[in-house]
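What follows is the residue order along each chain.
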Amino acid sequence: MKIGRLNHVGVAVPDIEAAKATYADLYGASDATDTRAFPHLGVKVAFVHLDNSEIELLEPLGDDSPVHKFLERNPKGGQHHLCFEVEDILAARDAMIERGATVLGTGEPYIGAHGVPVIFIHPKNSNGQLIELMQEPGK
Ligand code: CO
């Protein structure tokens, strides 16, 4: 198993509309999706489209949001995770376990904000970086 393309960089923010405005006004990156709420994931999400990748803006939704604790440590927001595409999410999950990594949650892939199955790998396995692995869209 080898990771493929960088799909997106996840960025936690306290105010998703303000963050979209920053990328549009300061950097000219005004091509963004509408903000969508994912109550079962505990986040509001919008994607800022770039030529070669995307920024996934994450705002906590509810007190038990996984992004809530991150913002307590980083009140202004900050880089939260990297997401790489993989050809087969179940094969990737099995490879992660075989290689000694910790898959977060139940260990079963679930449908993320892109509508494809994802897993997250514990930051302790990647130099402090939370990693999302995503089934390649269209596979
Ligand atoms: Co993500």
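Higher on the page you've got the structure.
In what follows, the accompanying structure is described. Fair warning: this is a prediction, and the values are worked out from it, not measured in the lab. (Residues numbered from 1 in each chain as written. Predicted model: local features only at pLDDT ≥ 70, side-chain atom pairs only at ≥ 80, totals over all residues. Heavy atoms only, no water.)

What follows concerns the overall build of the protein chain. In terms of helices and strands, the protein chain carries three helices and eight strands. Starting at the N terminus, the α and β elements of the protein chain follow one another as β-α-β-β-β-α-β-α-β-β-β. What you see for the protein chain is a C-alpha radius of gyration of 15 Å, in line with the 14 Å of a compact globule of 139 residues. In terms of principal-axis extent, the alpha carbons of the protein chain reach across some 45 × 30 × 25 Å. Out of the 139 residues belonging to the protein chain, those deemed buried represent 42%. (Helix = DSSP H or I, 4+ residues; strand = E, 2+ residues; numbered from the N terminus. Rg over C-alpha atoms; globule rule 2.2 N^0.38 Å. Buried < 20%, exposed > 50% of the residue type's maximum accessible area, 1.4 Å probe, protein only.)

Of all the five residues making up strand E7 (residues 117–121), four are buried; the element is thus mostly covered by neighbouring parts of the structure. Note: strand E6 (residues 110–111) against E7, two bridges, orientation antiparallel. The partner of Ile-111 across the bridge, within E7, is Pro-117. Of the pairings in the sheet, the one linking E7 to strand E8 (residues 131–135) comprises four bridges and is antiparallel in character. When the sheet's bridge partners are listed, Phe-120 is paired in E8 with Glu-132. (Pairing = 2+ DSSP bridges.)

The next point concerns the coordination of the cobalt ion. All of the protein donors around the cobalt ion are His-8 (NE2), Glu-56 (OE), His-81 (NE2) and Glu-132 (OE); their distances to the metal are 2.0 to 2.2 Å. Metal-centred angles of 86 to 174° between the four donor atoms at the cobalt ion mark the site as irregular. Ordering the donors of the cobalt ion by residue number gives the pattern H-x47-E-x24-H-x50-E. Of the two residues, Glu-56 is situated in strand E4 (residues 54–60) and His-81 in strand E5 (residues 78–86); the sequence distance between them amounts to 25 residues. (Donors = N, O, S within 2.8 Å, 3.2 Å for Na, K, Ca; no water. Tetrahedral: all angles 85-135°; square planar, octahedral: opposite > 155°, others 65-115°.)

This part covers the nonpolar core. As a rule of thumb, soluble globular proteins bury nonpolar side chains together. By size, the foremost hydrophobic cluster in this structure holds eleven residues: Phe-84, Val-86, Ile-89, Ala-92, Met-96, Ala-101, Val-103, Ile-119, Ile-121, Ile-131 and Leu-133. Of all the secondary structure elements, the ones that give two or more residues to this core are E5, helix H3 (89–98), E7 and E8. In terms of residue count, the dominant contributor to this core is H3 (three residues). Ignoring any residue separated from it by four or fewer positions in sequence, one finds Ile-119 in contact with Ile-89, Arg-93, Val-103, Glu-108, Pro-109, Ile-131, Glu-132 and Leu-133. With ten residues, the next largest nonpolar core counts Val-43, Leu-58, Phe-70 and Leu-71 among its residues. (Core = buried A, V, L, I, M, F, W, Y, C linked by side-chain atoms within 4.5 Å. Contact = heavy atoms within 4.5 Å.)

Taken together, the buried positions of helix H2 (residues 66–73) are occupied by Val-67, Phe-70 and Leu-71. Across the axial projection of H2, the buried residues extend over an arc of 95°, all falling on one side. Residues of H2 that are exposed and point more than 90 degrees away from the buried face comprise Lys-69, Glu-72 and Arg-73. Of the surrounding elements, those touching the buried residues of H2 are strand E1 (6–12), strand E3 (43–49), E4 and E5. The N-capping residue of H2, defined by a side-chain oxygen 3.1 Å from the backbone nitrogen of Val-67, is Ser-65. (Arc of directions from axis to C-beta. Polar contact = N/O pair within 3.5 Å; in protein donor to acceptor, adjacent residues only side chain to side chain.)

Time to look at the sheet that holds E3. One open sheet holds the eight strands; their spatial order is E2-E3-E4-E1-E5-E8-E7-E6, and the pairing between them is mixed. Pairing within the sheet leaves two strands with one partner each, and these edge strands are strand E2 (36–38) and E6. Bridge count for E3 against E4 is seven bridges, and the pairing is antiparallel. In the strand pairing of E4, Lys-44 is matched with Glu-59. Here H2 sits on the sheet in contact with E1, E3, E4 and E5, set at roughly 90° to E4. (Axes fitted to C-alpha atoms, helices over the stretch in contact; angles between N-to-C directions.)

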